[in-house]
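The primary structure of each chain is shown beneath.
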Amino acid sequence: MRFDLDGLDVFFPYDRIYLEQYQYMRSIKQALDAGGHCLLEMPTGTGKTVCLLSLITSYQYANPSAGKLVYCTRTVPEMNSVMEELGVVLAYRAEQLKLQQDAATPRSSGDVDMEDTQSSSAGHQNGGEKTNGNDNKDPSRKKE
């Protein structure tokens, strides 16, 4: 899901977000905007890692001068889990940005649909007159 959080375009790689997760991300953003520190607590299994990574990477993308995220864990397996989640977040962001770019890119006149090609070739076969490819048997077509 992609959503606006107080003016920040946030890339969150899951279809649902819980109110607590939204509030968690909002608190982090407020701390970043203020240039201050933030200490947050949520129970195990509530999505703290994906919230933090989604918010921070979105914030860094929108504010390239924001600096680095330093993420510390107690064990290597915990860090491996964080890195996997980071991969999911960044892949989702890349996918969303590509979709946005594709939607914003105007179709050039050189791009041709198969339908355009078929109706064009039908027109050439009938002395330049365009038809629907059914040898002028279209009942809705007017005869001139």
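Going by the structure above, here's the rest.
Residues numbered from 1 in each chain as written. Predicted model: local features only at pLDDT ≥ 70, side-chain atom pairs only at ≥ 80, totals over all residues. Heavy atoms only, no water.

S.K.: Account for helix H2 (residues 48-62), naming residues and giving values.
M.R.: In this model H2 runs 21 Å from its N-terminal to its C-terminal C-alpha over 15 residues, within 8% of the 21 Å that 1.5 Å per residue would give. The complete set of buried residues in H2 reads Val50, Cys51, Leu52, Leu53, Ser54, Leu55, Ile56, Thr57, Ser58 and Tyr59. Buried residues along H2 sit against strand S1 (2-5), strand S2 (8-11), helix H1 (19-34) and helix H3 (76-104). (Helix = DSSP H or I, 4+ residues; strand = E, 2+ residues; numbered from the N terminus. Expected span 1.5 Å × (residues − 1). Buried < 20%, exposed > 50% of the residue type's maximum accessible area, 1.4 Å probe, protein only. Contact = heavy atoms within 4.5 Å.)

S.K.: Provide a residue-level description of unusual backbone geometry, including the pertinent values.
M.R.: The phi angle at Asp6 is positive, at roughly 50°, despite the residue not being glycine. Mapped onto the elements, Asp6 comes out in the loop between S1 and S2.

S.K.: Tell me about the packing of H1 against H2, and please be specific about residues and values.
M.R.: In a pair of packed helices, the angle between the axes and the distance between the axes together describe the arrangement. At their nearest, the axes of H1 and H2 sit 10 Å apart, and the two run at 40° to each other. Taken as axis vectors, H1 and H2 run oblique relative to one another. When you trace H1 past H2, the crossing you get is right-handed. For the pair formed by H1 and H2, the contact residues are Gln21, Tyr24, Met25, Ile28, Lys29, Leu32 and Asp33 on the first element and Lys48, Cys51, Leu52, Ser54, Leu55, Ile56 and Tyr59 on the second. (Axes fitted to C-alpha atoms, helices over the stretch in contact; angles between N-to-C directions. Parallel < 35°, antiparallel > 145°, perpendicular 65-115°, else oblique. Left-handed = near helix turned anticlockwise from the far one by under 90°.)

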